[in-house]
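# Secondary and tertiary structure notes
Listed here are the chains, written in short residue letters.
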Amino acid sequence: MTVNLEVADGVGTIRLDRPPMNALDIATQDRLRELAEEVTRRDDVRAVVVWGGEKVFAAGADIKEMQAMDHAAMVVRSKGLQDAFTAVARIPKPVVAAITGYALGGGCELALCADFRIAADNAKLGQPEILLGLIPGAGGTQRLARLVGPSKAKDLIFTGRQVKADEALTIGLVDRVVPAAEVYEQAHAWAARLAAGPALALRAAKESVDAGLETDIDTGLTIERTWFAGLFATEDRETGMRSFVEEGPGKAKFR
């Protein structure tokens, strides 16, 4: 398999494994979608790490595979490409990307699907599709602009340039930069911390933020209000409030 899933302590690691550069061919894209749907369903997975291994996250699409495709073929395939990445973005659980080495093109777009991005100090990110006479096709024009703003997104997309980890941190493309040897460890620790939290409240928080960004503020407030009230029907809400009253904040053990 070009993508594998390992689950331990409530954390599911979706591991890209297509040496040497984790090129995202069609089979890999489809496997990503399958595993995203699997971790969505599984109750024993409460948070997710997306990782490409110690050397590289993903250097982009399989260019040789794409070169052989004409317009008609890509009209059919482009929806499957976007669906694979959207499945990752819509995992209703906390997702962190552990970025080592290159995250370019589709690799950068995959990282954009996470809620949080931890990058190695030697990481390089970018959307170089313009250098092929193309534009990003797996969500890059949309998710990148929403994350770093339209001006910075256009800079990266128009020029195709790569940004090093320090610049990526400055513009908000990644959230934390750590030594390369610590990337997965820190990503897993972030995920494990949230895996111990209230699953439905985390799902509500993620959906409220993500859905709210796609609509006007009044509709966003309605989404928030609906989730907020709905959580009063959960056992985790009872546990959290009882623990706060009896023991103080931050000591609740959620089931």
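Residues numbered from 1 in each chain as written. Predicted model: local features only at pLDDT ≥ 70, side-chain atom pairs only at ≥ 80, totals over all residues. Heavy atoms only, no water.

### With respect to the environment of Asn 4
Summarising the element assignment, Asn 4 is placed in strand 1 (residues 3-8). Along the chain, Asn 4 and Leu 24 lie 20 residues apart, while their C-alpha atoms are 14 Å from each other. Not counting chain neighbours up to four residues away, the residues in contact with Asn 4 comprise Thr 13, Ile 14, Arg 15, Asp 17 and Leu 35. (Helix = DSSP H or I, 4+ residues; strand = E, 2+ residues; numbered from the N terminus. Contact = heavy atoms within 4.5 Å.)

### Let's talk about the pairing of strand 3 (residues 47-51)
Looking along a regular strand, one sees side chains alternate from face to face of the sheet. In terms of burial, strand 3 is largely enclosed, as five of its five residues are buried. Residues Ala 47, Val 49 and Trp 51 line one face of strand 3 and the alternating positions Val 48 and Val 50 line the opposite face, and both faces are buried. Bridge count for strand 2 (residues 11-16) against strand 3 is five bridges, and the pairing is parallel. Bridged to Val 11 within strand 3 is Ala 47. In this sheet, strand 4 (residues 95-99) lies alongside strand 3 in parallel orientation, the contact comprising four bridges. Paired with Trp 51 across the two strands is Ala 98, which belongs to strand 4. (Buried < 20%, exposed > 50% of the residue type's maximum accessible area, 1.4 Å probe, protein only. Pairing = 2+ DSSP bridges.)

### A short note on the sheet that holds strand 3
Here six strands make up an open sheet; going across it, the order is 1-2-3-4-6-9 and the pairing mixed. The open sheet terminates on both sides in strands that have one partner only, identified here as strand 1 and strand 9 (176-178). Strand-to-strand, the axes of this sheet are offset by a mean angle of 20°, without reference to chain direction. Sheet analysis places strand 6 (residues 116-120) next to strand 9, joined by three bridges and oriented parallel. (Axes fitted to C-alpha atoms, helices over the stretch in contact; angles between N-to-C directions.)

### A few points about helix 1 (residues 26-41)
With 16 residues, helix 1 should reach 22 Å at 1.5 Å per residue; the first-to-last C-alpha distance of 23 Å fits that figure. Those residues of helix 1 that fall on the buried side of the exposure criterion are Thr 28, Gln 29, Arg 31, Leu 32, Leu 35, Ala 36 and Val 39. All buried residues of helix 1 lie within an arc of 160° about the axis, which places them on one face of the element. The inward-facing, buried residues of helix 1 contact strand 1, strand 2, strand 3, helix 3 (71-89) and helix 4 (106-112). (Expected span 1.5 Å × (residues − 1). Arc of directions from axis to C-beta.)

### Section: the sheet that holds strand 8 (residues 162-164)
The three strands are arranged 5-7-8 in an open sheet whose pairing can be described as mixed. Single-partner strands in this sheet number two, and they are strand 5 (102-104) and strand 8. Averaged over neighbouring strand pairs, the angle between their axes works out to 20° when direction is ignored. Taken together, the three bridges between strand 5 and strand 7 (residues 124-126) define a ladder with parallel strand orientation. Counterpart to Tyr 102 in the pairing with strand 7 is Lys 124.

### Considerations on the state of the cysteines
Two cysteines joined by a covalent bond between their sulfur atoms form a disulfide. For the structure on display, the rule yields zero disulfides. There is no disulfide at Cys 108, and the cysteine sulfur nearest it, in Cys 113, is 10.0 Å away. (Disulfide = S-S within 2.5 Å.)

### Remarks on unusual backbone geometry
Pro 19 connects to Pro 20 through a cis peptide bond whose omega is 0°. Although it is not a glycine, Asp 9 sits at a positive phi angle of roughly 55°. Mapped onto the secondary structure, Asp 9 falls in the loop between strand 1 and strand 2. Positioned with a positive phi, Asn 22 is a non-glycine residue whose angle comes to about 55°. Tracing the sequence through the fold places Asn 22 in the loop between strand 2 and helix 1.

### Some words on the pairing of strand 1
Where strand 1 lies against strand 2, six bridges are found, and the strand directions are antiparallel. Residue Ala 8 lies in a different strand from strand 2, and its bridge partner there is Val 11. The loop that links strand 1 with its antiparallel partner strand 2 comprises two residues; one of these, Asp 9, has a positive phi angle of about 55°.

### Some points on the packing of helix 1 against helix 3
The interhelical angle for the contact between helix 1 and helix 3, taken along N-to-C directions, is 40°, at an axis separation of 8 Å. It follows from the interaxial angle that helix 1 and helix 3 lie oblique. Here helix 1 runs over helix 3; the crossing is left-handed. On the side of helix 1, the interface is formed by Ile 26, Gln 29, Asp 30, Arg 33 and Ala 36, while helix 3 contributes Arg 77, Leu 81, Asp 83, Ala 84, Ala 87 and Val 88. (Parallel < 35°, antiparallel > 145°, perpendicular 65-115°, else oblique. Left-handed = near helix turned anticlockwise from the far one by under 90°.)

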